[in-house]
Amino acid sequence: MAGTFGNPEVVQEEVDILIIGGGMAACGAAYEIMPWIGAAKDAGVDITVKLVDKAAMDRSGAVAQGLSAINTYIGPNQDPADYARMVSNDLMGITRDDLAYDLGRNVDDSVHLFEEWGLPIWKTVNGERFDGATWPKEGGKLLKDGGDPVRSGKWQIMINGESYKWIVAEAAKKALGSDNIQERVFIVKLVNDANDKNRVAGAVGFSTREDKVYVYKFKACLLVAGGCVNIFRPRSVGEGQGRAWYPVWNAGSTYTMAAEAGAELTMMENRFVPARFKDGYGPVGAWFLLFKAQATNAYGEVYMVKNKELLNDYPPYGQAAVPASCLRNHLMLKEMKEGRGPIYMDTVTALAKLRETLSPREVKHLEAEAWEDFLDMCIGQCGIWVGENIEPEKKNSELMPTEPYLLGSHSGCCGIWASGPDDVGAPTTEEHPDKDLIPAHLPQGWNWGYRSMTTVRGLFTAGDGVGASGHKFSSGSHTEGRMCAQSMVKFVMDNKDWVPTLDTSVESLVEEIYRPVRTFLEHKDYTTAIDVNPHYITPRMLQFRLQKIMDEYVAGVATYYTTNGHMLAVAEEKLGMLKEDAVKMRAKDLHELLRAWENYHRILTAEAHMKHIQFRKESRYPGFYYRMDHNYVDETNWHCFVNSVYDKETKTWNVFKRAHKDLVDKSK
Ligand code: FAD
């Protein structure tokens with residue numbers, strides 16, 4: 001029976017594997033899983049799979065707008081160990097080498113597939129450069145059949161990627177089959193098994209288009225719902241507020257749902273504060289790396305040169321050939337705080353220099369590439385350039401560090417503690433600084449049987465979900481998704497007779513999910529102004545409250561990314577009250593129901609971030625955040641992972657240290 005707004009239809013389904021999300025990692029898993037399911041069938045085990053995405057896969061997730069570069073391609077002449085070294089240095093030394101190395105040795109295969117599926121990758125053949133527009137029709141495959149990819153950096157290659165997500169999604173959909181895909185279903189929570197608290201047995205969500213609640217039961221689940229945006233007050237205001245660097249539709253669902261299911265989180269104190277073109281949030285990588293532009297203060301001084309000595313405060317991370325991303329921000333912030341802003345990308349000088357060595361035709365082509373860079377992945381930035389009469393060869397563009405974002409696959413490493421490959425080492429139990437605080441049910445080592453399984457049985461993650469291993473980017477997230485496909489099938493085969501039993505009744509789950517709707521319907525006639533009502537709070541207003549708390553107390557832009565123990569204590573109290581009030585959110589339609597649950601996911605993710613910053617008594621990421629009461633990097637006491645487990649019954653966090661170990665020699 002079709003549901004109504006107050007009384008949704010309840011659809012119950014059972015599959016063996018549920019994939020939550022339709023982004024890069026999910027597409028990787030979807031593409032990879034069918035041959036493994038075929039192999040299982042040959043071995044006598046039938047496995048069913050379903051993918052659910054809150055949006056439409058063709059344009060969902062962080063790659064929705066497209067990209068202009070694939071940021072992780074190792075290539076034939078580079079060593080995955082060097083890649084793991086870069087990841088570690090950029091993230092101030094605290095990453096899992098097992099995860100990074102494993103990714104490095106596997107990632108290129110996904111890039112080769114992208115090309116095979118039609119993604120134009122720039123290439124140099126016999127000294128001549130080809131891109132999507134100029135590639136000869138009879139062409140060949142770039143990376144397999146010769147020619148060198150055009151690199152914008154040691155690990156990055158350039159693409160014409162406006163349709164990147166479309167291409168990757170098409171392959172995923174074709175492989176998985178449209179009957180196994182459900183779009184526009186927002187998953188609200190995972191459900192633990194009634195007989196095993198540390199295992200997942202199901203998930204529940206709702207349609208964003210129809211009055212339907214979906215309850216899934218499964219043996220294994222891949223939770224790949226991306227990172228988290230909009231927990232901090234954005235720099236954009238008014239009508240521009242939907243504009244952010246990271247896509248606003250990833251709302252911390254990965255971290256919150258995993259935490260509530262009991263999964264161990266890692267490095268949730270980490271954040272990414274990208275320095276981007278002001279207001280449009282346009283990418284700067286091509287300008288720095290391809291066009292060799294420099295960033296300056298308002299007086300034309302190159303702050304990376306002028307403030308170089310500040311890097312010596314943070315050995316060895318500041319002294320690497322490419323200093324850690326946060327430290328580059330640190331040098332920029334000094335100029336801003338001391339009143340020498342605005343900061344500019346000196347596009348005028350960069351293009352003039354290129355003109356000295358290139359023909360006018362080549363320069364014209366380069367200028368077109370500069371626009372293309374934005375058109376491929378951040379059209380809004382073109383709007384800014386057009387609206388502000390910016391011709392990059394004549395007028396420099398402002399740069400600005402953005403509000404903070406939480407993610408695990410770009411230049412950040414917060415996320416979920418995941419099982420690594422089985423052929424590399426890990427610290428022993430005795431090495432853990434907090435060994436007595438680590439809950440007994442959690443694994444000690446870095447591998448517990450199934451690659452990318454979290455510490456909750458049956459729950460896997462990839463991409464932005466996997467913590468302590470940033471710099472995977474689009475290609476790496478796809479690769480991690482593929483790895484999960486293989487290990488989830490193995491897990492299901494090993495548990496083929498296990499029957500999932502939900503620990504909560506379907507009625508209570510439906511009641512909880514539709515609570516914002518019922519709150520609205522019950523109280524809407526109390527006032528004549530629909531948005532003003534003592535019985536409920538609109539999701540929009542609640543989000544403002546969250547962003548204000550995080551901005552002002554947890555090192556947002558309002559305080560130049562600074563905080564201290566006292567400010568965090570205030571944040572803790574206010575977040576507690578916000579959590580209480582969150583149950584009073586209203587939903588006047590399905591769109592608001594989506595907004596309400598996104599906010600709920602944001603709040604718990606924000607709380608995890610705050611708790612981890614509170615626990616780590618140092619400033620591990622200067623330029624991303626500063627704890628002013630511990631404004632130093634303390635390698636003696638804090639060269640370790642900070643991990644946590646959330647108890648959904650008591651609503652409390654257990655935060656603890658785990659030992660860090662270099663598996664790749666960092667002295668090289
Ligand atoms: P995503 O691809 O973001 O996918 C998340 C998916 O989860 C989406 O389908 C979303 O709809 C779905 N979802 C979210 N919540 C729910 C829910 N509750 N229920 C159901 N579904 C849900 N990489 C590069 O290689 N090169 C670049 O130049 C580059 N630039 C970038 C620029 C920006 C601004 C950003 C944000 C990222 C960039 N990346 C780049 C990184 C790349 O986009 C990510 O690494 C990659 O998309 C992460 O994959 P993922 O699957 O973890 O998340």
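Scroll up to find the structure this text is about.
Analysis parameters
Residues numbered from 1 in each chain as written. Predicted model: local features only at pLDDT ≥ 70, side-chain atom pairs only at ≥ 80, totals over all residues. Heavy atoms only, no water. Helix = DSSP H or I, 4+ residues; strand = E, 2+ residues; numbered from the N terminus. Rg over C-alpha atoms; globule rule 2.2 N^0.38 Å. Buried < 20%, exposed > 50% of the residue type's maximum accessible area, 1.4 Å probe, protein only. Contact = heavy atoms within 4.5 Å. Pairing = 2+ DSSP bridges. Axes fitted to C-alpha atoms, helices over the stretch in contact; angles between N-to-C directions. Near = heavy atom within 4 Å. Polar contact = N/O pair within 3.5 Å; in protein donor to acceptor, adjacent residues only side chain to side chain. Areas by Shrake-Rupley, 256 points an atom, 1.4 Å probe, with all protein chains shown as cover. Nonpolar A, V, L, I, M, F, W, Y, C, P; charged D, E, K, R; others polar. Core = buried A, V, L, I, M, F, W, Y, C linked by side-chain atoms within 4.5 Å. Arc of directions from axis to C-beta.

1. A look at the overall build of the chain
The helix and strand inventory of the chain stands at 18 helices and 24 strands. Computed over the C-alpha atoms, the radius of gyration of the chain is 24 Å, within 12% of the 26 Å expected from 2.2 N^0.38 for a compact globule of 668 residues. On the principal axes, the C-alpha backbone points of the chain span a range of 70 × 60 × 55 Å. Buried positions account for 61% of the 668 residues belonging to the chain. In the chain, the share of contacts with a sequence separation of at least 24, taken over all contacts with a separation of at least 6, comes to 78%.

2. Comments concerning the environment of Ser 409
Note on placement: Ser 409 falls in the loop between β18 (397-401) and β19 (415-416). On the accessibility criterion, Ser 409 (8% relative accessible area) is buried. Residues Ser 409 and Lys 165, 244 residues apart in the sequence, show an inter-C-alpha distance of 16 Å. Setting aside its immediate chain neighbours within four residues, Ser 409 contacts Gly 463, Asp 464, Gly 470, His 471, Lys 472, Phe 473 and Ser 477.

3. Here we look at the sheet that holds strand β10 (residues 185-192)
Spatial ordering of the open sheet is given by β1-β12-β11-β10, a layout of 4 strands whose pairing is mixed. At either margin of the open sheet sits one strand with a lone partner, and together these are β1 (9-14) and β10. Pairs of neighbouring strands in the sheet enclose a mean axial angle of 20°, with direction left out of account. Judged from the 5 bridges that link them, strand β11 (residues 200-207) and strand β12 (residues 212-217) form a sheet pairing that is antiparallel. Bridge pairing in β12 links Val 204 to Val 215.

4. Points about unusual backbone geometry
For the peptide bond that leads from Pro 315 to Pro 316, omega is -5°, which places it in the cis range. Looking at where Pro 316 falls in the secondary structure, it is placed in the loop between α7 (303-306) and α8 (325-337). Each neighbour pair has its own omega, and for Gly 341 with Pro 342 the value is -10°, a cis peptide bond. Mapped onto the elements of the fold, Pro 342 is located in the loop between α8 and β17 (343-345). Its identity is not glycine, yet Met 92 carries a phi of approximately 55°, on the positive side. With respect to the secondary-structure elements, Met 92 resides in the loop between α2 (80-90) and α3 (97-116). With a relative accessible area of 0%, Met 92 lands in the buried category. You will see that Tyr 561, though not glycine, has its phi angle at about 65°, which is positive. Tracing the chain through its elements places Tyr 561 in the loop between α15 (539-553) and β21 (562-563). By relative accessible area, Tyr 561 is classed as buried at 0%.

5. A closer look at the site of the ligand
Taken together, 36 residues are adjacent to the ligand, and Asp 53, Ala 69, Asn 250, Ser 409 and Ser 474 come closest. Side-chain polar atom of Ser 477 to an oxygen atom of the ligand: 3.4 Å apart, as the coordinates give it. For the ligand, the protein covers 97% of the area, taking 990 Å² as the surface of the free molecule. Counting residues per element, the ones that place at least two in the shell around the ligand are α1 (24-42), β4 (67-70), β10, α5 (253-260) and α12 (473-494). Of the residues that constitute the shell around the ligand, the class distribution is 19 nonpolar, 14 polar and 3 charged.

6. Quick look at the nonpolar core
Grouped together as the largest cluster of nonpolar side chains are 177 residues, with contacts concentrated most on Ile 17, Ile 20, Tyr 164, Leu 190 and Trp 287. Top element by residues in this core is α1. It accounts for 9 residues. Sequence-distant contacts of Ile 17, defined by excluding residues within four places in its chain, comprise Ile 33, Ile 47, Thr 48, Val 49, Lys 50, Ala 220, Met 488, Val 489 and Val 492. Within the second largest apolar cluster, 21 residues are counted, among which are Phe 206, Val 215, Val 517 and Trp 597.

7. Examining helix α11 (residues 379-387)
Taken together, the buried positions of α11 are occupied by Gln 381, Cys 382, Ile 384 and Trp 385. Buried positions in α11, seen along its axis, are confined to an arc of 155° and lie on one side of it. Away from its buried face by more than 90 degrees, α11 exposes Val 386 and Gly 387. Packed against the buried residues of α11 are β15 (275-277), α6 (285-290), α10 (360-377) and β18.

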